[in-house]
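Spelled out from the first residue to the last, the chains are:
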Amino acid sequence: MEKTSLARFPRLKLQIAPVLTAAFLAISACQAGGEGGEASPSPSPGKWSCDKILGVQAEQAVRRVSGIPDSIKISRSGDPKDAADELVANYDAGTPDSADRLDFCRFYRGSEVVIPAVEVRFSLTRKVEALSKNSIVDEYRMGRSARANDRLGILYFECTSDRFYLGGGATVLVRGESRVNPEPAASGVTAREDNLRIIYESSRAFSDLLDCKSNAGLPASFTMPPEVQGSGTSS
(Lines give C-alpha, C1' and ligand atoms only; values in the text may rest on other atoms or scores of the structure.)
Protein backbone atom coordinates (compact mmCIF):
# COMPACT_ATOMS: atom_id res chain seq x y z
CA MET A 1 0.00 0.00 0.00
CA GLU A 2 1.24 3.42 -0.92
CA LYS A 3 2.11 5.71 2.06
CA THR A 4 0.28 9.05 2.25
CA SER A 5 2.56 12.09 2.21
CA LEU A 6 1.55 15.53 3.50
CA ALA A 7 3.61 17.00 0.68
CA ARG A 8 0.95 15.75 -1.71
CA PHE A 9 -1.83 17.42 0.34
CA PRO A 10 -0.65 21.00 1.16
CA ARG A 11 -4.14 22.08 2.37
CA LEU A 12 -4.22 19.23 4.90
CA LYS A 13 -0.74 20.21 6.08
CA LEU A 14 -1.89 23.79 6.71
CA GLN A 15 -4.86 22.57 8.77
CA ILE A 16 -2.82 20.23 11.00
CA ALA A 17 -0.04 22.71 11.79
CA PRO A 18 -2.16 25.13 13.91
CA VAL A 19 -3.69 22.20 15.82
CA LEU A 20 -0.27 20.85 16.75
CA THR A 21 0.91 24.32 17.78
CA ALA A 22 -2.13 24.85 20.04
CA ALA A 23 -1.65 21.45 21.66
CA PHE A 24 2.00 22.20 22.33
CA LEU A 25 1.14 25.54 23.95
CA ALA A 26 -1.54 23.92 26.14
CA ILE A 27 0.90 21.26 27.36
CA SER A 28 3.54 23.90 28.08
CA ALA A 29 1.06 25.95 30.12
CA CYS A 30 0.05 22.92 32.18
CA GLN A 31 3.68 22.08 32.86
CA ALA A 32 4.41 25.66 33.94
CA GLY A 33 1.44 25.58 36.34
CA GLY A 34 2.46 22.21 37.78
CA GLU A 35 6.00 23.42 38.39
CA GLY A 36 4.91 26.59 40.19
CA GLY A 37 5.14 28.83 37.14
CA GLU A 38 3.22 32.03 36.56
CA ALA A 39 0.35 30.16 34.89
CA SER A 40 -1.17 29.32 38.33
CA PRO A 41 -2.28 32.52 40.10
CA SER A 42 -2.21 32.49 43.89
CA PRO A 43 -5.67 32.25 45.50
CA SER A 44 -7.22 35.43 46.84
CA PRO A 45 -7.94 35.72 50.60
CA GLY A 46 -11.05 33.76 51.58
CA LYS A 47 -14.28 35.08 52.95
CA TRP A 48 -13.27 34.25 56.52
CA SER A 49 -9.79 35.80 56.50
CA CYS A 50 -9.03 38.55 59.01
CA ASP A 51 -8.67 40.91 56.03
CA LYS A 52 -12.39 40.58 55.30
CA ILE A 53 -14.00 39.53 58.57
CA LEU A 54 -15.04 43.05 59.68
CA GLY A 55 -17.14 45.57 57.82
CA VAL A 56 -16.10 49.16 57.16
CA GLN A 57 -17.79 50.54 60.30
CA ALA A 58 -16.20 47.93 62.56
CA GLU A 59 -12.78 48.59 61.06
CA GLN A 60 -13.23 52.28 61.76
CA ALA A 61 -14.15 51.29 65.32
CA VAL A 62 -10.84 49.41 65.57
CA ARG A 63 -9.03 52.57 64.49
CA ARG A 64 -10.86 54.82 66.97
CA VAL A 65 -10.43 52.66 70.08
CA SER A 66 -6.77 51.97 69.34
CA GLY A 67 -5.80 55.38 67.97
CA ILE A 68 -4.70 54.16 64.52
CA PRO A 69 -5.11 57.02 62.02
CA ASP A 70 -6.38 56.44 58.48
CA SER A 71 -2.88 57.18 57.16
CA ILE A 72 -1.47 54.02 58.82
CA LYS A 73 -2.30 50.58 57.46
CA ILE A 74 -3.78 47.96 59.78
CA SER A 75 -1.91 44.65 59.71
CA ARG A 76 -3.73 41.45 60.66
CA SER A 77 -3.05 37.92 61.78
CA GLY A 78 -5.19 34.95 62.74
CA ASP A 79 -7.36 32.24 61.19
CA PRO A 80 -11.06 32.46 62.19
CA LYS A 81 -11.91 29.10 60.62
CA ASP A 82 -9.14 27.33 62.56
CA ALA A 83 -10.42 28.91 65.78
CA ALA A 84 -13.93 27.59 65.11
CA ASP A 85 -12.63 24.12 64.20
CA GLU A 86 -10.53 24.00 67.38
CA LEU A 87 -13.48 24.99 69.56
CA VAL A 88 -15.61 22.20 68.07
CA ALA A 89 -12.76 19.70 68.43
CA ASN A 90 -12.25 20.60 72.10
CA TYR A 91 -15.95 20.13 72.81
CA ASP A 92 -16.14 16.79 71.01
CA ALA A 93 -12.99 15.57 72.78
CA GLY A 94 -14.63 16.22 76.16
CA THR A 95 -12.16 18.99 76.97
CA PRO A 96 -14.27 22.17 76.64
CA ASP A 97 -12.07 24.00 79.14
CA SER A 98 -9.23 23.75 76.61
CA ALA A 99 -11.24 25.95 74.23
CA ASP A 100 -10.17 29.03 76.17
CA ARG A 101 -9.23 32.34 74.58
CA LEU A 102 -8.84 30.92 71.08
CA ASP A 103 -7.27 33.54 68.81
CA PHE A 104 -9.76 34.79 66.23
CA CYS A 105 -8.12 37.90 64.76
CA ARG A 106 -5.43 40.35 65.81
CA PHE A 107 -5.13 43.88 64.45
CA TYR A 108 -1.79 45.70 64.52
CA ARG A 109 -0.68 49.29 64.04
CA GLY A 110 1.20 49.24 60.73
CA SER A 111 4.17 46.88 60.80
CA GLU A 112 4.29 46.76 64.62
CA VAL A 113 3.30 43.10 64.99
CA VAL A 114 4.57 42.50 68.54
CA ILE A 115 1.55 43.67 70.55
CA PRO A 116 -1.82 43.81 68.79
CA ALA A 117 -3.70 47.09 69.01
CA VAL A 118 -6.94 45.09 69.17
CA GLU A 119 -7.33 41.33 69.59
CA VAL A 120 -10.46 39.17 69.42
CA ARG A 121 -10.75 35.77 71.13
CA PHE A 122 -13.43 33.17 71.78
CA SER A 123 -13.92 30.57 74.52
CA LEU A 124 -16.36 27.87 75.52
CA THR A 125 -17.82 28.63 78.93
CA ARG A 126 -20.30 26.99 81.29
CA LYS A 127 -22.16 30.10 82.44
CA VAL A 128 -22.45 33.85 82.07
CA GLU A 129 -20.19 35.43 84.65
CA ALA A 130 -22.13 37.42 87.25
CA LEU A 131 -21.31 41.09 87.63
CA SER A 132 -20.60 42.62 90.99
CA LYS A 133 -21.86 46.02 92.09
CA ASN A 134 -18.36 47.40 91.64
CA SER A 135 -17.88 45.93 88.16
CA ILE A 136 -15.71 47.92 85.78
CA VAL A 137 -17.91 47.05 82.78
CA ASP A 138 -21.44 48.04 81.80
CA GLU A 139 -23.94 45.33 80.81
CA TYR A 140 -26.10 45.44 77.69
CA ARG A 141 -28.97 43.42 76.25
CA MET A 142 -27.53 41.46 73.34
CA GLY A 143 -27.20 37.68 72.95
CA ARG A 144 -27.18 36.09 76.39
CA SER A 145 -25.30 39.09 77.74
CA ALA A 146 -22.96 41.82 76.51
CA ARG A 147 -20.50 43.92 78.47
CA ALA A 148 -18.24 46.82 77.56
CA ASN A 149 -15.94 49.51 78.87
CA ASP A 150 -13.25 51.69 77.31
CA ARG A 151 -10.97 48.70 76.76
CA LEU A 152 -13.21 45.63 76.43
CA GLY A 153 -16.14 44.32 74.43
CA ILE A 154 -17.61 41.02 75.69
CA LEU A 155 -20.48 39.03 74.18
CA TYR A 156 -22.01 35.76 75.39
CA PHE A 157 -24.15 33.82 72.93
CA GLU A 158 -25.73 30.37 72.80
CA CYS A 159 -24.93 28.30 69.75
CA THR A 160 -27.04 25.30 68.74
CA SER A 161 -25.22 23.50 65.95
CA ASP A 162 -25.03 20.08 64.34
CA ARG A 163 -21.26 20.49 64.17
CA PHE A 164 -20.97 19.57 67.85
CA TYR A 165 -21.08 16.12 69.40
CA LEU A 166 -19.56 14.48 66.30
CA GLY A 167 -22.45 15.63 64.16
CA GLY A 168 -25.13 14.75 66.71
CA GLY A 169 -25.70 18.37 67.61
CA ALA A 170 -25.50 20.28 70.89
CA THR A 171 -26.07 23.70 72.42
CA VAL A 172 -23.03 25.46 73.84
CA LEU A 173 -22.34 28.82 75.46
CA VAL A 174 -19.65 30.88 73.75
CA ARG A 175 -17.87 33.92 75.16
CA GLY A 176 -16.29 36.43 72.78
CA GLU A 177 -13.94 39.19 73.86
CA SER A 178 -12.29 42.09 72.05
CA ARG A 179 -9.51 43.87 73.90
CA VAL A 180 -7.59 47.08 73.22
CA ASN A 181 -3.84 47.08 73.94
CA PRO A 182 -2.03 48.60 75.67
CA GLU A 183 -4.36 51.52 76.49
CA PRO A 184 -7.52 52.68 74.73
CA ALA A 185 -7.41 55.89 72.72
CA ALA A 186 -11.12 56.60 73.20
CA SER A 187 -13.36 56.68 76.24
CA GLY A 188 -16.96 56.98 77.32
CA VAL A 189 -20.04 55.99 75.33
CA THR A 190 -18.22 56.09 71.97
CA ALA A 191 -15.54 53.65 73.12
CA ARG A 192 -18.10 51.24 74.58
CA GLU A 193 -20.15 51.32 71.40
CA ASP A 194 -17.04 50.71 69.25
CA ASN A 195 -15.95 47.78 71.38
CA LEU A 196 -19.43 46.25 71.23
CA ARG A 197 -19.53 46.70 67.46
CA ILE A 198 -16.18 44.90 67.05
CA ILE A 199 -17.19 41.91 69.17
CA TYR A 200 -20.67 41.81 67.62
CA GLU A 201 -19.37 41.57 64.04
CA SER A 202 -16.73 39.05 65.09
CA SER A 203 -19.35 36.96 66.91
CA ARG A 204 -21.70 36.96 63.92
CA ALA A 205 -18.86 35.66 61.75
CA PHE A 206 -17.85 33.08 64.38
CA SER A 207 -21.44 31.86 64.72
CA ASP A 208 -21.57 31.41 60.94
CA LEU A 209 -18.38 29.34 61.06
CA LEU A 210 -19.91 27.20 63.82
CA ASP A 211 -23.15 26.82 61.81
CA CYS A 212 -25.18 28.14 64.74
CA LYS A 213 -28.91 27.97 64.17
CA SER A 214 -30.89 31.24 64.03
CA ASN A 215 -27.60 33.21 63.99
CA ALA A 216 -27.09 32.30 67.65
CA GLY A 217 -29.85 34.74 68.59
CA LEU A 218 -27.76 37.72 67.48
CA PRO A 219 -29.40 40.61 65.60
CA ALA A 220 -28.98 40.88 61.83
CA SER A 221 -27.20 44.23 62.12
CA PHE A 222 -25.57 46.25 64.85
CA THR A 223 -27.32 48.98 66.78
CA MET A 224 -26.23 50.09 70.22
CA PRO A 225 -28.12 47.75 72.57
CA PRO A 226 -29.95 49.06 75.65
CA GLU A 227 -28.00 49.04 78.87
CA VAL A 228 -29.11 46.84 81.77
CA GLN A 229 -30.13 49.29 84.47
CA GLY A 230 -28.03 49.28 87.63
CA SER A 231 -25.00 47.59 86.03
CA GLY A 232 -21.36 48.57 85.99
CA THR A 233 -19.77 51.97 85.86
CA SER A 234 -22.80 53.93 84.69
CA SER A 235 -24.91 53.05 87.72
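Each value, and the rule that gives it
Residues numbered from 1 in each chain as written. Predicted model: local features only at pLDDT ≥ 70, side-chain atom pairs only at ≥ 80, totals over all residues. Heavy atoms only, no water. Helix = DSSP H or I, 4+ residues; strand = E, 2+ residues; numbered from the N terminus. Contact = heavy atoms within 4.5 Å. Areas by Shrake-Rupley, 256 points an atom, 1.4 Å probe, with all protein chains shown as cover. Buried < 20%, exposed > 50% of the residue type's maximum accessible area, 1.4 Å probe, protein only. Pairing = 2+ DSSP bridges. Expected span 1.5 Å × (residues − 1). Arc of directions from axis to C-beta. Polar contact = N/O pair within 3.5 Å; in protein donor to acceptor, adjacent residues only side chain to side chain. Salt bridge = Lys/Arg side-chain N within 4 Å of Asp/Glu carboxyl O. Disulfide = S-S within 2.5 Å. pLDDT = per-residue confidence, 0-100.

**Topic: the overall build of the protein**
- When helices and strands are tallied, the protein shows four helices and seven strands.
- Along the chain direction, N to C, the helices and strands of the protein fall in the order α-α-β-α-β-β-β-β-β-β-α.
- Residue pairs at least 24 apart in sequence account for 64% of intrachain contacts in the protein once pairs closer than 6 positions are excluded.
- Carbon and sulfur atoms make up 52% of the accessible area of the protein, which totals about 13,500 Å².

**Some thoughts on the pairing of strand 7 (residues 170–180)**
- Burial within strand 7 is extensive, with nine of its 11 residues counted as buried.
- As judged from the eight bridges shared by strand 3 (residues 118–125) and strand 7, these two strands associate in the antiparallel manner. Residue Phe122 lies in a different strand from strand 7, and its bridge partner there is Gly176.
- In this structure, strand 6 (residues 152–161) lies alongside strand 7, joined through 10 bridges in antiparallel fashion.

**Focus on helix 3 (residues 80–92)**
- Between its terminal C-alpha atoms helix 3 stretches 19 Å, which fits the 18 Å expected from 13 residues at 1.5 Å a residue.
- Buried within helix 3 we find Pro80, Ala83, Ala84, Leu87, Val88 and Asn90. Buried positions in helix 3, seen along its axis, are confined to an arc of 160° and lie on one side of it.
- In this structure, the buried residues of helix 3 make contact with strand 2 (102–109), strand 3 and helix 4 (188–209).
- Sitting at the amino-terminal end of helix 3 is Asp79, which places a side-chain oxygen 3.2 Å from the backbone nitrogen of Lys81.
- Following helix 3 by one or two positions, Gly94 has its phi on the positive side, about 75°.

**Observations regarding the pattern of salt bridges**
- Counting across every chain of the model gives 18 salt bridges.
- Its salt-bridge partner being Arg121, residue Asp103 comes within 3.0 Å of it at the nearest N-O pair. You can see Asp103 sitting in strand 2 and its partner Arg121 sitting in strand 3, a full 18 residues away along the chain.
- Judged by its relative accessible area of 24%, Arg121 falls in the partly exposed class.
- Here Arg192 and Asp138 are joined by a salt bridge, their closest N and O atoms 3.2 Å apart. One end of the pair, Arg192, is in helix 4; the other, Asp138, is in strand 4 (residues 138–140), and 54 residues separate them in sequence.

**Observations concerning the state of the cysteines**
- Scanning the model with the defined rule gives two disulfides in all.
- Covalently, Cys50 is tied to Cys105 through a disulfide, its sulfur atoms 2.1 Å apart. Taking the torsion about the sulfur-sulfur bond, which here is approximately -95°, the covalent link between Cys50 and Cys105 counts as left-handed. Separated by 55 residues along the polypeptide, Cys50 in the loop between helix 1 (10–34) and helix 2 (56–66) and Cys105 in strand 2 bring together distant segments of the chain.
- Residue Cys50 is classed as buried on the basis of its relative accessible area, which comes to 6%.

**A look at the environment of Leu209**
- Tracing the sequence through the fold places Leu209 in helix 4.
- Residues Leu209 and Asp82, 127 residues apart in the sequence, show an inter-C-alpha distance of 9.6 Å.
- Sequence-distant contacts of Leu209, that is, excluding residues within four places in its chain, are made with Trp48, Pro80, Lys81, Ala84 and Arg163.

**Here we look at the confidence of the model for the protein**
- Scored by pLDDT, the protein has a mean of 83; 78% of the residues are at 70 or more.
- Throughout residues 1–45 the model reports pLDDT below 50, and contacts reaching past four residues in sequence, or to other chains, amount to 12 contacts.

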